[in-house]
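What follows is each chain in one-letter form.
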Amino acid sequence: MSGILIDPGKCIACRACEVACEREHGRSFITVFEFESSAVPLNCRHCEKAPCVEACPTGALFRDKDGAVMVDIRKCIGCEVCLLACPFGIPEIAGKVMVKCDLCPERRAEGKLPLCVQTCPTGALGYVEPNDFSAGRRKAYAERLALRRSENAPGL
């Protein structure tokens, strides 16, 4: 399943992702946390073994055909068990039901990226398969090693 992978080293805390999400959903489901030397955008991780889904007593949390964790607000009773189960503190109660990032299902159905990813000017947010992300990271690391080697090679 593809998901939003975050590279905090690229985040410049411009909050374009927050603005885009709010424009798309009426509220932002991604938050940029700023620290002295860095910024970290955080949204629902759509965990493979999602504790919120397992903890939900009514089955209001489920996976869509692409594997994104979704909420059926008709089944949600606002019991907040999902909030307690989520290790990232992502679910929120709005009104009397839980709300969270849904990876923009209408956009995904049209073959588009989630709006926060499309809007990010630095590429800090990517919508990729985790294995593809890992492969890209390995390649980038190997390229850095090769560059260092060529810079330190005598007589070249």
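Residues numbered from 1 in each chain as written. Predicted model: local features only at pLDDT ≥ 70, side-chain atom pairs only at ≥ 80, totals over all residues. Heavy atoms only, no water.

Chemist: With reference to specific residues and values, describe the pattern of salt bridges.
Modeler: Taken as a whole, this structure holds nine salt bridges when the rule is applied. Two residues, K65 and D66, come together in a salt bridge whose shortest N-O distance is 3.6 Å. With a relative accessible area of 76%, K65 lands in the exposed category. Its relative accessible area of 33% is what places D66 among the partly exposed residues. Shared partners join several salt bridges into a network, and the residues in it are D64, K65, D66 and R108. (Salt bridge = Lys/Arg side-chain N within 4 Å of Asp/Glu carboxyl O. Buried < 20%, exposed > 50% of the residue type's maximum accessible area, 1.4 Å probe, protein only.)

Chemist: Go over the side chain of D64, please, and point to the residues and values.
Modeler: On the secondary structure map, D64 appears in the loop between β4 (61–63) and β5 (69–71). A polar side-chain atom of D64 sits 2.7 Å from a polar atom in the side chain of R108. (Helix = DSSP H or I, 4+ residues; strand = E, 2+ residues; numbered from the N terminus. Polar contact = N/O pair within 3.5 Å; in protein donor to acceptor, adjacent residues only side chain to side chain.)

Chemist: Lay out empty space enclosed by the protein in plain terms, naming residues and giving numbers.
Modeler: Gaps left between atoms are located by rolling a probe of water-molecule size over the structure's atoms. The final tally for this structure, using the stated rule, is four cavities of 30 Å³ or more. What lines the largest cavity is a set of 15 residues, and nearest its centre among them are C56, C76, C79, C82 and M98. Considered class by class, the residues forming the lining of the largest cavity number twelve nonpolar, two polar and one charged. (1 Å grid on protein atoms, 1.4 Å probe; cavity = no way out; pocket = protein on both sides within 12 Å on 5 of 7 lines; lining within 4 Å. Points joined across faces, edges and corners; volume = space filled by probe spheres on them. Nonpolar A, V, L, I, M, F, W, Y, C, P; charged D, E, K, R; others polar.)

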